[in-house]
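One-letter residues, chain by chain:
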Amino acid sequence: MAALGVRCVRGLLKRADFAKIPRRHRYKKKWASTEPKFPATRLALQNFDMTYSVQFGDLWPSIRVSLLSEQKYGALVNNFAAWDHVSAELEQLNARDFVNEAYSHGKPGPESGQTATPPAASWACSPNLRCFTFIRGDVSRFPPARLGSLGVMDYYLMDAASVLPVLALGLQPGDTVLDLCAAPGGKTLALLQTGCCRNLAANDLSTSRTGRLQKILHSYVPQDIRDRSQVRVTSWDGRKWGELEGDTYDRVLVDVPCTTDRHSLHEEENNIFQRSRKKERQMLPMLQVQLLAAGLLATKPGGHVVYSTCSLSHLQNEYVVQGTIELLANQYSIEVRVEDLTHFRKLFMDTFSFFPSCQVGELVIPNLMANFGPMYFCKMCRLT
């Protein structure tokens, strides 16, 4: 009886409270319309705090503050411009060419004290790349690139860690090369800077993004070079490339769509953490496996593939590599070997901070003293 009385009192109080609100102001609470609408950048940070605090443990707080801080850039010198003059101007800014500096200090050989030199395929870097950065702790900015005396832009500003997958690909003169997910075009431009591409196919599913890629090529690469390298820009579904051009390429770069961690924390536009893109985000690892499998199928036996992302997530990095290798072995009887990049990591550790515990591949992690990345890359050789 007492319980019934309490319920009656509660019911009267509710009606009394509701009666105070004019009818025109009354509404039914619907969670879909009244749920707090956080910006996508905040949702991204919440997601990263939950997942990366587990993945990186004590390292996560320093990575987190670095991701939220201003990013450092590198200046990729355009070899089709007056590169020697451009390099001299960059040196006057107290920037240094981290690529050639690493070569001069770290090329393996008897004098380095190594008892065993790594296999050439594991450490050989793509040639002719010049990329300037400011030293650790120097947060100076490069001035915007400008049109040079030869009618092309002098240098291209990009995250210097984005050069590493191209270096790791180890291009050789006369290679046929595929950049499967090429836009917006920084890595495609770097591939052309090597001077090794006999043929270069640059593909991206998005026609608007391939439009940006075309603009970059026109701004940085003379017409006769584009013709001589036979650069082909397409907007095909990269997942089908193994069917379209199987066993064709010497070198393939698979720089897949990912959560683009730094972008997701700073930009609302095209942010994959928007609520409307939740399913797309959840399906990313499957898409990445399909693209990497297509890239490996498009590679000649004996050829090399580099898989890369700008995400910290091991679900999009090591797990994708391992899952794809297993898929190709089971469904196509194709054997793929992951190359050891330990020496490559040591070569560039003065410029970048590397995560020490990757199962396969290498991961550049943001650090306030060297705020590049994130950038994951893994080199593979297709054996059969």
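This text goes with the structure placed above it.
Asks: Please explain the pattern of salt bridges as it appears in this structure.
Replies: Side-chain pairs of opposite charge can arise where the charged atoms are in close proximity. In this structure the tally under the stated criterion is 14 salt bridges. Close ionic contact of glutamate 245 with arginine 232 constitutes a salt bridge, the shortest N to O distance being 3.1 Å. You can see glutamate 245 sitting in the loop between helix H12 (241–244) and strand S8 (249–255) and its partner arginine 232 sitting in strand S7 (residues 231–234), a full 13 residues away along the chain. One salt bridge connects aspartate 247 with arginine 382, and the closest N-O pair in it is separated by 2.8 Å. Of this pair, aspartate 247 sits in the loop between H12 and S8 while arginine 382 sits in strand S12 (residues 375–382), placing them 135 residues apart in sequence.

Asks: Hey, could you run me through the packing of aromatic side chains in this one?
Replies: Note on aromatic pairs: each is described by the distance of the centres and the angle between the planes. If you walk through the whole model with that rule in mind, you get 15 aromatic pairs. Note on tyrosine 52 and phenylalanine 56: the rings are 5.8 Å apart at their centroids and 75° apart in plane angle, and the pair reads as edge-to-face. Taken together, the residues tyrosine 52 and phenylalanine 56, both in helix H3 (residues 40–56) and four residues apart, mark about one turn of the helix. Across the pair, exposure class does not vary: tyrosine 52 and phenylalanine 56 are buried alike. Ring geometry for phenylalanine 352 against phenylalanine 372: centres 5.2 Å apart, planes inclined by 65°, an arrangement best described as edge-to-face. Of this pair, phenylalanine 352 sits in the loop between helix H17 (342–347) and strand S11 (362–364) while phenylalanine 372 is found in the loop between S11 and S12, placing the two residues 20 residues apart along the sequence. Grouping residues by exposure puts phenylalanine 352 and phenylalanine 372 together as buried.

Asks: Mind showing me how you'd approach the side chain of asparagine 203 here?
Replies: As for its position among the elements, asparagine 203 is in strand S6 (residues 197–203). Within the local environment of asparagine 203, its side chain forms a polar contact with the backbone nitrogen of tryptophan 236, the two atoms lying 2.8 Å apart. Filtering out sequence-adjacent residues up to four positions away, asparagine 203 remains in contact with Asp179, Leu180, Cys181, Ala182, Thr234, Ser235, Trp236, Gly238 and Trp241.

Asks: What's the story with the layout of surface pockets in this structure? I'm lost.
Replies: Over the atoms rolls a probe the size of a water molecule, and its path tells where empty space is left. Volume-wise, the second largest pocket comes out at about 280 Å³. Lining of the second largest pocket is provided by 14 residues; of these, Asn47, Thr51, Ser313, Leu315 and Gln316 occupy positions nearest its centre. For the lining of the second largest pocket, the elements supplying multiple residues, two or more each, are H3 and helix H14 (278–282). For the lining of the second largest pocket, the element with the most residues is H3, which contributes five residues. Across the lining of the second largest pocket, the residue classes break down as five nonpolar, eight polar and one charged.

Asks: Where do I start with helix H6 (residues 98–106) in this structure?
Replies: Since there are 3.6 residues in each turn of an α-helix, residues three or four apart along the chain are aligned in direction. Taken together, the buried positions of H6 are occupied by Phe98, Val99 and Ala102. Viewed along the axis of H6, the buried residues span an arc of 105°, placing them on a single side of the element. With a side-chain oxygen lying 3.2 Å from the backbone nitrogen of valine 99, the N-terminal cap of H6 falls on aspartate 97.

Asks: Explanation requested: the state of the cysteines in the structure shown.
Replies: The tally for this structure, following the rule as stated, stands at zero disulfides. The thiol of cysteine 196 is not disulfide-bonded; the next cysteine sulfur, from cysteine 197, is found 6.8 Å away.

Asks: Quick question: what am I supposed to make of the environment of histidine 218 here?
Replies: Following the sequence through the fold, histidine 218 ends up in helix H10 (residues 207–220). A sequence separation of 65 residues divides histidine 218 from methionine 153, and the C-alpha atoms of the two residues are 9.6 Å apart. Contacts of histidine 218, omitting those with residues within four sequence positions, involve Gln223 and Arg226.

Asks: What should I look at first to understand the packing of H3 against helix H4 (residues 60–67) in this one?
Replies: In helix packing, the relevant descriptors are the interaxial angle and the interaxial distance, both defined with respect to the helix axes. Between H3 and H4, whose axes approach to 9 Å, the crossing angle comes to 145°. Crossing of H3 against H4: the hand is right-handed. For the pair formed by H3 and H4, the contact residues are Leu45, Phe48, Asp49, Tyr52, Ser53 and Phe56 on the first element and Trp60, Ile63 and Arg64 on the second.

Parameters at a glance
Residues numbered from 1 in each chain as written. Predicted model: local features only at pLDDT ≥ 70, side-chain atom pairs only at ≥ 80, totals over all residues. Heavy atoms only, no water. Salt bridge = Lys/Arg side-chain N within 4 Å of Asp/Glu carboxyl O. Helix = DSSP H or I, 4+ residues; strand = E, 2+ residues; numbered from the N terminus. Phe/Tyr/Trp six-rings, centres within 6.5 Å; stacked < 30°, edge-to-face > 60°. Buried < 20%, exposed > 50% of the residue type's maximum accessible area, 1.4 Å probe, protein only. Polar contact = N/O pair within 3.5 Å; in protein donor to acceptor, adjacent residues only side chain to side chain. Contact = heavy atoms within 4.5 Å. 1 Å grid on protein atoms, 1.4 Å probe; cavity = no way out; pocket = protein on both sides within 12 Å on 5 of 7 lines; lining within 4 Å. Points joined across faces, edges and corners; volume = space filled by probe spheres on them. Nonpolar A, V, L, I, M, F, W, Y, C, P; charged D, E, K, R; others polar. Arc of directions from axis to C-beta. Disulfide = S-S within 2.5 Å. Axes fitted to C-alpha atoms, helices over the stretch in contact; angles between N-to-C directions. Left-handed = near helix turned anticlockwise from the far one by under 90°.

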